Amino acid sequence: MNHTCDEAESFSVLLTVTDDDGASSSATRTVDVQQRFTRAAITEVRLRDFPFTTENGAGWDPTNGPDPYYVATDLASGTELATSGFYENVSSSDLPLSYPDIEWVIEDLSERHAVDIYDSDFNADDFISGIEFDLSGEIGTYSETVTLEVEGTTIELVVDWRE
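Note on numbering: residues in each chain are counted from 1, in written sequence order. Under the rules for a predicted model, residues below a pLDDT of 70 receive no local features and side-chain atom pairs below 80 are neither given nor counted, while totals for whole chains, interfaces and linings still include all residues. The basis for the side-chain values is all heavy atoms of the structure; hydrogens and waters are excluded.

J.: Lay out the sheet that holds strand β8 (residues 113-119) in plain terms, naming residues and giving numbers.
T.: The strand order across the open sheet formed by four strands is β5-β4-β8-β9, and the pairing between neighbours is antiparallel. The outermost strands of the open sheet, each flanked by one partner alone, are β5 (79-83) and β9 (126-133). Across the sheet, the mean angle separating the axes of adjacent strands is 25 degrees when strand polarity is ignored. Strands qualify as paired when DSSP identifies two bridges or more between them. By definition, any uninterrupted DSSP run of H or I lasting at least four residues is a helix, any uninterrupted run of E lasting at least two residues is a strand, and each is numbered from the N terminus. As judged from the seven bridges shared by strand β4 (residues 68-74) and β8, these two strands associate in the antiparallel manner. Bridge pairing in β8 links Tyr69 to Tyr118. Orientation is described by axes fitted as lines to C-alpha atoms, over the contacting stretch for helices, and by angles from 0 to 180 degrees between their N-to-C directions.

Laid out in C-alpha cells, this is it:
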C-alpha cells in the first residue's frame, strides 16, 4: 500500500503480518511526514561579527567606524540578489546589526550563494569579508535561523522556507 501526503502530517500505521499457517503479529507506529521545501526566502540578515580592521591593522575608515552593508549573490549565475542599506560609523558595541529591509529568494537550495560585507565609502567601497554557502544541509531540519561563520565574520540568515 502507498500513501502520498500533500502536506506535513502525523498518522498511525498498523502493520499485520500473517504466515502460511495463519499465525499473525501486528505492530502500530506513528509516522511523521515533514514537508520538503525547495526554496528559501531570506527575510532578514543579522551581522553578528566582522573584522573592524584591515589585514594590515588599519581601520576601514580613517576617522570613524566602518559603514557596513551586505550584497547577496547567486554564484552559479552571478546574479546579485540583494544589496542592503548601510549603518554609519559602527563600533563593536553596536553589534549585532539587523538588515530586515530586503527579502531575497534562493531558488535552488544546493546552489552556491555568497553574502559579502562592504564598508560604504565616498570614492570606492572596501570589501570587508564574505561567506559562500548553500542551504542543502538544512533540508529536513529547516531551521528558522541559519548561522554562517568564517574567519572572524558571523552572519545569521532568517529563513522563510517555501515550496
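J.: Mind laying out the packing of aromatic side chains, listing which residues take part and the relevant values?
T.: Two rings from Phe, Tyr or Trp (for Trp, the six-membered ring) form a pair when their centres sit within 6.5 Å of each other. Planes less than 30 degrees apart are called stacked, planes more than 60 degrees apart edge-to-face, and all others tilted. Tallied over the entire structure, the rule returns seven aromatic pairs. Seen in terms of ring centroids, Phe37 and Tyr142 are 4.9 Å apart; in terms of plane orientation they differ by 85 degrees. Their pairing is edge-to-face. Highlighted residues: Phe37 in the loop between β2 (24-33) and β3 (39-49) and Tyr142 in the loop between β9 and β10 (145-150), separated in sequence by 105 residues. Just as Phe37 is buried, Tyr142 falls in that class too. Through a chain of ring-to-ring contacts, three or more aromatic side chains come together here, namely Phe37, Tyr142 and Trp161. The buried label goes to any residue with under 20% of its type's maximum accessible area, the exposed label to any with over 50%, and the partly exposed label to all in between, with areas taken from a 1.4 Å probe on protein chains only.

J.: An account of the nonpolar core is needed here, citing residue identities and associated values.
T.: Definition of nonpolar core: a set of buried residues of the types Ala, Val, Leu, Ile, Met, Phe, Trp, Tyr and Cys, connected through side-chain atoms within 4.5 Å. Formed by 30 residues in total, the largest nonpolar core has its most connected members in Tyr70, Trp104, Leu157 and Trp161. Elements represented by at least two residues in this core include exactly β3, β4, β6 (97-99), β7 (104-106), β8, β9, β10 and β11 (153-162).

J.: Please give an account of the pattern of salt bridges that cites residues and values.
T.: Should the charged atoms of two oppositely charged side chains come close, the side chains can pair. Should a side-chain nitrogen of Lys or Arg be within 4 Å of a carboxyl oxygen of Asp or Glu, the pair is scored as a salt bridge. Going through the model one piece at a time under the given rule, you end up with eight salt bridges. Salt-bridge contacts for Arg46 lead to Glu44; the nearest nitrogen and oxygen are separated by 3.2 Å. Since its relative accessible area comes to 23%, Arg46 is described here as partly exposed. A salt bridge links Glu156 to Arg48; its shortest N-O distance comes to 2.9 Å. Separated by 108 residues along the polypeptide, Glu156 in strand β11 and Arg48 in strand β3 bring together distant segments of the chain. Here Glu156 falls in the buried class, since its relative accessible area comes to 12%. A residue is classified by how much of its surface remains accessible, and Arg48, at 34% relative accessible area, is partly exposed. Through salt bridges with shared partners, one network takes in Glu44, Arg46, Arg48 and Glu156.

Coordinates in, geometry out; function isn't part of it.
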